[in-house]
Amino acid sequence: MQPRRFWMLQLVTVALSVAASQAQEQPNGFYLTSPLIISSGYDHGFLTGSGTFSDSVTILAEPTVAWMRSTHRTDFSVDYQLESETFANNPRLNAVNHLSAMRYRYRINARWSAQAGNLFLSTMDANRAVANSLLLLPRGRFLQNSAYVGLGYRVNAATKISFRLDNAFTNTDLPGALRGRLNGVTTAGTVEAERKLTSRQKLTVGYSFLHSHPLQSEISGSPINVQLVNAGYSFEINPGLIVHFAGGMVKGNQSSFIGAAGVEKRIKGMWLAAGYQRYLSFF
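Residues numbered from 1 in each chain as written. Predicted model: local features only at pLDDT ≥ 70, side-chain atom pairs only at ≥ 80, totals over all residues. Heavy atoms only, no water.

Q: Which residues make up the pattern of salt bridges, and what are the values?
A: When the charged atoms of two side chains with opposite charge come close together, those side chains can pair. Under the definition given, this model contains ten salt bridges. With a closest N to O distance of 3.4 Å, R105 and D75 form a salt bridge. In this pair, R105 is assigned in strand β7 (residues 95-107) and D75 in strand β6 (residues 74-87), connecting sequence segments 30 residues apart. For D75, a relative accessible area of 18% gives the class buried. (Salt bridge = Lys/Arg side-chain N within 4 Å of Asp/Glu carboxyl O. Helix = DSSP H or I, 4+ residues; strand = E, 2+ residues; numbered from the N terminus. Buried < 20%, exposed > 50% of the residue type's maximum accessible area, 1.4 Å probe, protein only.)

Q: Tell me about the pairing of strand β15 (residues 255-267), and name the residues and values.
A: Two strands pair when backbone bridges link them, and strand β14 (residues 241-251) and β15 are joined in this way by eleven bridges, in the antiparallel orientation. Opposite V243, over in β15, you have V263 as the bridge partner. Both β15 and strand β16 (residues 270-282) contribute to a ladder of 13 bridges, which runs antiparallel. Residue pairing for β16: S256 is matched across the bridge by S281. Where β15 folds back onto β16 in an antiparallel hairpin, the turn is made up of two residues, including K268, whose phi is positive at roughly 55°. (Pairing = 2+ DSSP bridges.)

Q: How would you explain a nonpolar patch on the surface if you had to name every residue and give the values?
A: On the surface, I108, W112, L151, F163, V191, Y207, F209 and V229 cluster together into a nonpolar patch covering about 630 Å² of accessible area. Mapped onto the fold, V229 is located in strand β13 (residues 224-238). (Patch = residues over 30% accessible without salt bridge, like charges linked within 9 Å, V, L, I, M, F, W, Y side chains within 5 Å. Areas by Shrake-Rupley, 256 points an atom, 1.4 Å probe, with all protein chains shown as cover.)

Q: So what's going on with the side chain of S234? Which residues, and what values?
A: Topologically, S234 is positioned in strand β13. Relative accessible area serves as the criterion here: at 14%, S234 is assigned to the buried category.

Q: Please provide a residue-by-residue account of the confidence of the model for the chain, values included.
A: Within the chain, residue pLDDT values average 87, and 90% of them lie at 70 or more. Confidence drops under pLDDT 50 across residues 1-24; counting only partners more than four residues distant or on other chains, this segment forms 41 contacts. (pLDDT = per-residue confidence, 0-100. Contact = heavy atoms within 4.5 Å.)

Q: Can you lay out the side chain of D79 for me, pointing to particular residues and giving the numbers?
A: Of note, D79 is situated in strand β6. Here the side chain of D79 touches R103 through a polar contact of 3.0 Å, side chain to side chain. With sequence-adjacent residues up to four places away left out, D79 is seen in contact with T64, V65, A66, L99, S100, A101 and R103. (Polar contact = N/O pair within 3.5 Å; in protein donor to acceptor, adjacent residues only side chain to side chain.)

If you want it as structure tokens, here you go:
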């Protein structure tokens, strides 16, 4: 697959950051939680079922419409965003994408809390929507629905343990060799511990076990199990400067390692962030 190069000039027509005031600590009702964004640029060498194309593309992302309900123990929200892609010379590639999310949190008591959520994604360009994808996917319908439930237990003021169960259903209509190969159901269980070392330092360690079951075993092969171990460390040097370090290992049919580092810097009323991530896999 050819490298994908994408130059884009973004015009943010609405860019408002709304902070909850003391007079309204529990927002309720309908809100617009993201700006209206119009992006126009040139996409060179993107993949489709009939080959590679280069074209000018305009993306219109409408504001995210959200409904929120909050009490002293419960937080609930559901949101939806519509996005359209328009190509100048290849109108048959025009597409409408959908993104919806539901989140629920409940504070059982001072130590226990529960959470649940659901994320629905329908897009023709999964390369922009799927984070940390190691594959350069061709244009084609990518549909995914992910759900999770979790429990959190605060041992003391410095230590918290969380348990989470995730489930994801993926169905695609991608061309060529990838047709049907990504379709499947994946379930994962995770346990994570978070420890405040000092008032400025925090350490997080976690373990996950993942089981993936393909919808078409004759295309995608047999089910697989994967284990993940990761750790993260953050240090607040001062209220305006924070550094992060993370590392982990993935053990499945092959072994993979990942490392990352990042820094966040506040300049007056604006935060700037930069990071580097390295992924190493053995086959």
